[in-house]
Amino acid sequence: RNQIEARGIHDERVLQAFRTTPRHLFVPKDHMAASYEDHPLPIGSGQTISQPYIVALMTEQLALIGKEKVLEIGTGSGYQAAILAQLAAEVHSVERFEILARKARSTLAALHLANVHIHVGDGSMGWPAEAPFDCIIITAAAPEVPQEVLEQLGADGRLIAPVGSRYRQMLELWTRLPNGFEKEEILPVVFVPLMGKLGWQDPNEP
Ligand code: SAH
């Protein structure tokens, strides 16, 4: 009520998913006390669970009605995947760190969210084996939205991603049209980098 709703998230289904998802189960024990504050927290492997407001905003922009097949690139803790699982039919999420993927799988299983499938690998090229997707959400900062990933959107599909430099990005919402793509800028944000073949290659690159 004071953070997500107060900052303008109105989709009742999205708000309900936040009410029923225990964020404290997605953060390491030593950060549990802060798990309902509106900021990111470290989850190990140099990665973070995103700020709840940004998770809510990105989710709301996807305008899910419950029938969608969704791809998330950057599983991290699995929290965003847990929210998506309650709002879409099927979620595929890709994580490059096996240790994070395993932890996310066990948290999601404990919550009985059986419609999430976590894959380990480089998601910077999307996940062609499961394409097409109705929606794609990239939860790591990309230098640009890879064309290969856009092509994995089905008709009228929507993609949301933070795009820009290593330390500052713009949230971009892309929509597939009959003859191309439309792009809308949503909000400046800061995410950890999307590494990999179509992401950043050197973790120390500016
Ligand atoms: N959505 C997550 C937070 C994402 S943090 C949550 O709800 O907790 C970004 C994640 O993207 C990190 O876990 C990082 O390891 C992962 N990542 C970065 N580059 C990747 C790539 N090429 N493929 C898959 N995962 C990647």
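Above this text is the structure in question.
Residues numbered from 1 in each chain as written. Predicted model: local features only at pLDDT ≥ 70, side-chain atom pairs only at ≥ 80, totals over all residues. Heavy atoms only, no water.

A.B. asks: Explain helix α2 (residues 52–61) to me, please; I cannot follow it from the model alone.
C.D. replies: An α-helical segment advances 3.6 residues per turn. Residues three or four places apart therefore align on the same side. Among the ten residues in α2, nine count as buried, and that is most of the element. Every buried residue of α2 is accounted for by P52, Y53, I54, V55, A56, L57, M58, T59 and E60. Its buried side turned inward, α2 meets α1 (12–20), α3 (79–85), β6 (133–138), β7 (153–164), β8 (169–177) and β9 (180–189). One or two steps after α2, the chain reaches A63, where phi turns positive at roughly 50 degrees. (Buried < 20%, exposed > 50% of the residue type's maximum accessible area, 1.4 Å probe, protein only. Helix = DSSP H or I, 4+ residues; strand = E, 2+ residues; numbered from the N terminus. Contact = heavy atoms within 4.5 Å.)

A.B. asks: How do you make sense of the sheet that holds β6 when you look at a structure like this?
C.D. replies: Ordered in space as β5-β4-β3-β6-β7-β8-β9, the seven strands form an open sheet in which the pairing is mixed. Every other strand in the sheet has two partners, leaving β5 (116–120) and β9 as the edge strands with one partner each. Geometrically, the sheet is characterised by an average inter-axis angle of 15 degrees between neighbouring strands, direction not taken into account. Here nine bridges tie β8 to β9, and the two strands are oriented antiparallel to one another. Its bridge partner lying in β9, W174 is registered against K183. In the packing of helix α4 (residues 98–110) onto the sheet, the strands contacted are β4 (90–95) and β5, and the crossing angle to β5 comes to about 165 degrees. (Pairing = 2+ DSSP bridges. Axes fitted to C-alpha atoms, helices over the stretch in contact; angles between N-to-C directions.)

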